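Commentary on secondary and tertiary structure
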Amino acid sequence: MKKEDFENPEITEQQELEKITKILLREIKERENQANKTELKKIIKSRVLGGEEDEN
Amino acid sequence: MKINKIILENFRTFYGKHTIEFSTSDEKPLTIFIGENGSGKTTLLNAIYWAFTGGTTKQFGESNILINKDAIAERSSSCSVEIYFETDTHHYILARRTSRTSETNDLSMGMIDKNGAYTAVGQMHIEKVIERLIPKKLASWYIFDGEAIGHLHLNGDPKFKNDLQQTFGFSSMRTLSDVITDIKRDYEREQRKQIGNAELDEVGKKIESAESDVSFYEQQISKLQSTKETALSEIESLDYQLSKFAFAGQLQTRQANAQRLINENKSKLEIKTLQRNDLVVKTMPQLLIKNQIEILIDTLHEKEKDQTLPEPFGTRLIDDIQKMQECICGAPIHSGSDAYTRLEELRSRAATSQHTHRISLIRTQIGAYVTDSDSFDSRLEQMNADIGAYESAIADQEQIIRNADEAIRAIPDAQIRQLKEELTKAGSKRDQANGEIAVAISRKDERKVEIEKLRNLQASMFASLSRNNNLTKQKNKFDELSRYVDAQYARQEAEVLEALNQEVSGVLYKYLTKNFIAKVDPSTYAVKTFDMDQRLVSLSTGETNLLKFAIIAAIVGMAGEKTKISKVNWITEPIIAPLIFDAPFSVVDSEYRAGIANNLTELASQLIFLFDSDKWDAELSKLLSGRVGKFYTLVSRAKGEQKETIKTLRIKNKTISLNEYNSERDDTICLEVKI
């Protein structure tokens, strides 16, 4: 990563999004023909929010 | 994914344990098996298919009997297939076993990471891991009989689109996008509930209603597009059927050409016949005279020899002198005198000279007249040959006219009328679908604009009314993720379709004599071909098969990042699996075989070809030689005495038998040929 990349919060944010998207896609792919939408919603929420969800 | 090794035990024709290693080299990705009919090629392919999916291909007969018959007789009640394979990150061992008593298969799997650590995959997760690596639904894209290429429909078949989307991971992206949208809605409802503002609630309901409308229009558009594709397929099929009758015009042109040639040949025939008649008329009297004179001369010669020459010349005078006993000069000539004797001698000489003189005169007189007759025979022969050729050409052309007449009479007018009516109907169906699609798109867009406005309004209301910052923060995360996923989906789909267009067009450009390009319709994934003037063109069956193989090669090439023309920046994980073909070129025109083989070996990460020994030839051997990493023969063994000729294969100056008799049992063995 270039020096200026560290200074550019947008790139880090994009990378974060890419990382979480890849994880979510893998979760979905493994469950493509098995899990229903409610289950997927639960899994995705938990992956995206991590511990935050409990606060609600 | 690449398959390193397979171990079969008592699987159909493979009695006992058989270990077969596959080539995994990038330079030589090809493993070849050659065997005669019934030697176990389809069994081997199905062993791999079964291990991954638990099912078998359509071509595999008696698929419920998997255990080797001899093994059953020897009280072994199970069979198994173990597959050793690798991905970029792990090595895997997958084993599937079935027994006579069990209705299900036992499945086990282990993973070995980069550091060599082995982990058994839990029973609950095995199917998930396999599904991620090679989904059951897509297995037939990678492991199939060459003839199955015919079942691949490129005219907008929804199955083709769905399979392709799953292969490239778009279906996962779509699911992710849908689930995130649902989560966002839940948040909005929750927020509205917490705020308890009627106006905000109203806006939220309006958004939900508008989104429901958008979803309805999207479904409607999808259905209409399917209707349109069906109409387009019908049009294509009807056009094709009508094109078979379009040859009436060609037949008429052929008839006109034949008639023109008949006329030309007839006038040549007429001229030549006149010339021949003229020759005969002119030469026949000469020939007759010549003939008669020859007869006359012969007669004269005969008579001359017999001394029976006609009167009156020499002999009459001699008779008179002898009778008068006085010469014309007045001198007396008495009988018995010397003069009398000399007269007698003169008699014969006088007559001969006269006749010789007369013959000579006749020869001189007829000489010039009969000269032309000397070349008569050869000239007549040539003229007759010319006349024969003209008559034969006329007969041929007349036959062409008669055949064309017959073909024209056979064209069913009623059928053509019916096809044209159906074509008009299909055209109307297409136009109607187009119109309705345009209306639905316009309504959907209107609703989207409305949603955008309502969302802006909702956002500002949320900003002023929100009491739960945490809820807003969480929803914002999903808003951001939603925008990112949708943008990535659009980008990646556009990149994939563009790459597919370029790769497939590259193959068509390289291997077809015509300059055609392929384009994938972004909404239906129908693959269409165009000429350089952007006109839609139809391909022959052979060309279509080349196109289908090019699509398969491009798909595996893109997924494995082996394409040269274009690359895709993947956010999804596309399926990377070996291509395993039984009878790979069975439906391929020989002229495209080299092109397809080159294309596949360049783009596939791993290729396993199973050839019938009758189809393996020197050209294929030469074509694939540089890319073959492993080479095997499948030898059929039979218990009894030799019934048929032993089939052999000649490789690298070695002759290898493909079948054996007097064996311990009926089975198959796999022998590696070092290359």
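Note that the structure is predicted; figures quoted are calculated from it, not measured. (Residues numbered from 1 in each chain as written. Chains lettered and ligands numbered in written order. Predicted model: local features only at pLDDT ≥ 70, side-chain atom pairs only at ≥ 80, totals over all residues.)

Within chain B, the regular secondary structure consists of 16 helices and 18 strands. Per-residue burial for chain B yields a buried fraction of 28% across its 675 residues. A separation threshold of at least 6 residues defines the contact pool for chain B, and within that pool the share at least 24 residues apart is 73%. (Helix = DSSP H or I, 4+ residues; strand = E, 2+ residues; numbered from the N terminus. Buried ≥ 20, exposed ≤ 12 C-beta atoms within 10 Å, placed from the backbone. Contact = placed C-beta atoms within 7 Å.)

For chain A, the helix and strand inventory stands at three helices and zero strands. Secondary structure of chain A in N-to-C order comes out as α-α-α. The buried share of chain A, taken over its 56 residues, is 12%.

Residues and elements named next belong to chain B. The N-to-C vectors of helix α6 (residues 170–195) and helix α13 (residues 469–511) enclose an angle of 155°; their axes lie 9 Å apart at closest approach. When the axes of α6 and α13 are compared, the pair comes out roughly antiparallel. The way α6 lies across α13 gives a crossing that is left-handed. Between α6 and α13, the contacting residues are F170, M173, L176, S177, I180, T181, I183, K184, Y187, E190, Q191 and Q194 on the first element and L471, Q474, K475, F478, D479, L481, S482, V485, D486, Y489 and E493 on the second. Residue classes in the contact of α6 with α13 are distributed as eleven nonpolar, six polar and six charged. (Axes fitted to C-alpha atoms, helices over the stretch in contact; angles between N-to-C directions. Parallel < 35°, antiparallel > 145°, perpendicular 65-115°, else oblique. Left-handed = near helix turned anticlockwise from the far one by under 90°. Nonpolar A, V, L, I, M, F, W, Y, C, P; charged D, E, K, R; others polar.)

Here we come to the nonpolar core. Within the largest apolar cluster, 88 residues are counted, with the highest numbers of intra-cluster contacts made by I48(B) and A550(B). No other element matches the twelve residues that helix α14 (residues 541–559) of chain B contributes to this core. A550(B) has contacts with V504(B), V507(B), L508(B) and N599(B), leaving out every residue within four places of it along the chain. With 15 residues, the next largest nonpolar core counts I28(A), M173(B), L176(B) and F478(B) among its residues. (Core = buried A, V, L, I, M, F, W, Y, C linked by C-beta atoms within 7 Å.)

Moving on: the interface of chain B and chain A. Each partner contributes to the interface: chain B provides 25 residues, whereas chain A provides 23 residues. When contributions to the side of chain B that touches chain A are tallied by element, the ones reaching two or more residues are α3 (123–133), α6 and α13 of chain B.

Residue and element names in this part refer to chain B. In the contact formed by α14 and helix α15 (residues 590–603), the axes pass within 9 Å of each other and the chain directions differ by 10°. Judged by the inter-axis angle, α14 sits roughly parallel to α15. Along its contact with α14, which presents G542, L546, F549, A550, A553, A554, V556 and G557, the element α15 presents Y592, G595, I596, N599, L600 and L603.

All names here are of chain B. In spatial order, the strands read β9-β10-β11; together these three strands make up an open sheet with antiparallel pairing. This sheet does not close on itself; its edge strands, each paired only once, are β9 (517–520) and β11 (536–537). Both strand β10 (residues 527–530) and β11 contribute to a ladder of two bridges, which runs antiparallel. Considered in β11, the bridge of T529 is made with V537. (Pairing = 2+ DSSP bridges.)

All names here are of chain B. Ordered in space as β2-β1-β4-β5-β6-β7, the six strands form an open sheet in which the pairing is antiparallel. Each of the sheet's edge strands pairs with one partner strand only, and the pair in question is β2 (14–21) and β7 (118–120). In this sheet, neighbouring strand axes are inclined to one another by 15° on average, regardless of whether the strands run parallel or antiparallel. Pairing of strand β4 (residues 78–86) with strand β5 (residues 91–99), which is carried by nine bridges, proceeds in the antiparallel orientation. In the sheet register, I83 faces β5, and the bridge partner there is L94.

Looking now at unusual backbone geometry. All names here are of chain B. Phi is positive for Q325, close to 50°, though the residue is something other than glycine. Counting through the fold element by element, Q325 comes out in the loop between α9 (313–324) and α10 (338–370). One non-glycine residue with positive phi stands out, namely N662, at about 55°. Mapping N662 onto the fold places it in the loop between β17 (659–660) and β18 (667–672).

The next point concerns the pairing of strand β13 (residues 607–612) of chain B. All names here are of chain B. For β13, a buried count of five out of six residues is recorded, marking the element as mostly surrounded by other parts of the structure. Pairing geometry for strand β3 (residues 30–35) and β13, over six bridges, is parallel. If you follow T31 over to β13, its bridge partner there is I608. Pairing of strand β12 (residues 579–582) with β13 involves four bridges; the strand directions are parallel. Along β13, the bridge assignment pairs I580 with I608. Tracing the backbone out of β12, into α15 and back to the parallel element β13 gives a crossover that is right-handed. (Right-handed = clockwise from strand over helix to strand, strands pointing away.)

Bringing helix α12 (residues 413–465) of chain B into the picture now. Taking 1.5 Å per residue as the helical rise, α12(B) with its 53 residues ought to reach 78 Å, and the 76 Å between its terminal C-alpha atoms agrees with that figure. Listing the buried residues of α12(B) in full gives A426(B), A433(B), A440(B), L454(B) and F462(B). (Expected span 1.5 Å × (residues − 1).)

What follows is about the environment of M111(B). Residues and elements named next belong to chain B. Mapping M111 onto the fold places it in strand β6 (residues 106–112). Each C-alpha atom of the pair M111 and I93 lies 6.6 Å from the other, and the pair is 18 residues apart in sequence. Excluding anything up to four places from it in sequence, M111 contacts H90, Y92, T119 and V121.

With that out of the way, let us pick up the environment of I400(B). Residue and element names in this part refer to chain B. Note on placement: I400 falls in helix α11 (residues 376–410). I400 gets classed as partly exposed once you count the C-beta atoms within 10 Å, which come to 17. Discounting residues that sit within four places of it in the chain, I400 has contacts with R254 and A258.

Turning our eyes to something else, we now look at the confidence of the model for chain B. Per-chain confidence: chain B averages 86 in pLDDT, with 93% of residues scoring 70 or above. In this model residues 309–313 of chain B is a low-confidence stretch, pLDDT under 50, and it forms eight contacts with partners more than four residues away in sequence or in other chains. (pLDDT = per-residue confidence, 0-100.)

Residues and elements named next belong to chain B. Of the strand pairs in this sheet, strand β1 (residues 2–11) and β4 are connected by seven bridges, and their pairing is antiparallel. Note on β4: the bridge partner recorded for K5 is Y84. From the end of β4 to the start of β5, which pair antiparallel, there are four residues.

Attention now moves to the confidence of the model for chain A. Parts of the model with low pLDDT should not have their predicted coordinates read in detail. On average, residues of chain A score 75 in pLDDT, and 62% of them reach the 70 mark or higher. Confidence drops under pLDDT 50 across residues 1–6 of chain A; counting only partners more than four residues distant or on other chains, this segment forms two contacts.

On to the environment of S108(B). Looking at the element boundaries, S108(B) is found in strand β6. Overall, the presence of 15 C-beta atoms within 10 Å leaves S108(B) in the partly exposed class.

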